[in-house]
Amino acid sequence: EPEVTQTPSHQVTQMGQEVILRCVPISNHLYFYWYRQILGQKVEFLVSFYNNEISEKSEIFDDQFSVERPDGSNFTLKIRSTKLEDSAMYFCASRVAPNEQFFGPGTRLTVL
Amino acid sequence: AQTVTQSQPEMSVQEAETVTLSCTYDTSENNYYLFWYKQPPSRQMILVIRQEAYKQQNATENRFSVNFQKAAKSFSLKISDSQLGDTAMYFCAFKGNAGNMLTFGGGTRLMVKP
């Protein structure tokens, strides 16, 4: 069964560094998402992406964040200058059907 | 803006028993979608069950069923014949008809005891 994959599973970085989190959505899916979950808190929406552009974003998704679909398979989230409070689990999701989003296993980002 | 509330931070149930997890939401929309996701210790989010608001019939997936009360804006999850593998965080989520994003509740940590 096809699934969303994410790499790396765990990323450790120094404050102020740039990180790129990678996702490979399910191949025939058209809508892509990033969510984050700070430890012990609820899952929060960051951004949705369709037809090579951002379709919706939350207040969390400020100028430090960007997304890209550099080729036909990858979907990336870049954090330009990481802060301690960016430490979280980052989930990628994708969908083709109207409403069911399939989630990847997540990338745990630790900012030191 | 929509909000989703799960009033039970933690619950426990004996193996083979039935447990119900509560979820309420607030929206001004008439057409929307509701989901329950399971997050085991591995942290992966797994879809358990979904419900379209326009459907009056409650969704059922094997041991999992929902009690959808649209007027009360309530969407509870019933797990029958609980198994040890059901131990996980359970998140209720809402998606409006127009928007793309899922809005999640705070989660309920379920422990199934042998």
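To be clear, the structure that these remarks concern was listed above.
Residues numbered from 1 in each chain as written. Chains lettered and ligands numbered in written order. Predicted model: local features only at pLDDT ≥ 70, side-chain atom pairs only at ≥ 80, totals over all residues. Heavy atoms only, no water.

## Considerations on unusual backbone geometry
- In this chain, A:Thr7 is followed by A:Pro8 through a cis amide linkage whose omega measures -10 degrees.
- Tracing the backbone shows A:Pro8 in the loop between strand E1 (5–7) and strand E2 (10–13).
- Even without a glycine there, the phi angle at A:Asn52 is positive, about 65 degrees.
- Among the secondary structure elements, A:Asn52 is positioned in the loop between strand E5 (43–50) and strand E6 (53–57).
- Not every positive phi belongs to a glycine, and B:Asn62 is a case in point at roughly 55 degrees.
- Tracing the chain through its elements places B:Asn62 in the loop between strand E7 (60–61) and strand E8 (64–69). (Helix = DSSP H or I, 4+ residues; strand = E, 2+ residues; numbered from the N terminus.)

## Some thoughts on the interface of chain B and chain A
- On the side of chain A, 22 residues touch chain B, which itself brings 19 residues to the contact.
- With both sides pooled, the region where chain B packs onto chain A buries about 1,800 Å², and carbon together with sulfur makes up 50% of that total.
- Where chain B packs against chain A, one counts one salt bridge.
- The salt bridge partner of B:Arg50 is A:Glu100, with a shortest N-O separation of 3.6 Å.
- Run the count over chain B and chain A and you get five residue pairs in polar contact (both at pLDDT 80 or more).
- For the side of chain B that touches chain A, the secondary structure elements donating two or more residues are strand E5 (32–39), strand E6 (46–52) and strand E10 (88–96) of chain B.
- Tallied by class, the residues present in the side of chain B that touches chain A amount to 10 nonpolar, six polar and three charged. (Contact = heavy atoms within 4.5 Å. Buried area = accessible area lost by both parts, 1.4 Å probe. Salt bridge = Lys/Arg side-chain N within 4 Å of Asp/Glu carboxyl O. Polar contact = N/O pair within 3.5 Å; in protein donor to acceptor, adjacent residues only side chain to side chain. Nonpolar A, V, L, I, M, F, W, Y, C, P; charged D, E, K, R; others polar.)

## A look at the state of the cysteines
Residues and elements named next belong to chain A.
- Evaluation of the coordinates by the stated rule reveals two disulfides over all chains.
- Each disulfide pairs two cysteine sulfurs, and for Cys23 the partner residue is Cys92, the sulfurs being separated by 1.9 Å. What sets the handedness of the Cys23 and Cys92 disulfide is the S-S torsion sign, and at about -65 degrees it is left-handed. With Cys23 in strand E3 (residues 19–24) and Cys92 in strand E9 (residues 88–95), this pair connects stretches of sequence that are 69 residues apart.
- Overall, Cys92 belongs to the buried group, its relative accessible area being 0%. (Disulfide = S-S within 2.5 Å. Buried < 20%, exposed > 50% of the residue type's maximum accessible area, 1.4 Å probe, protein only.)

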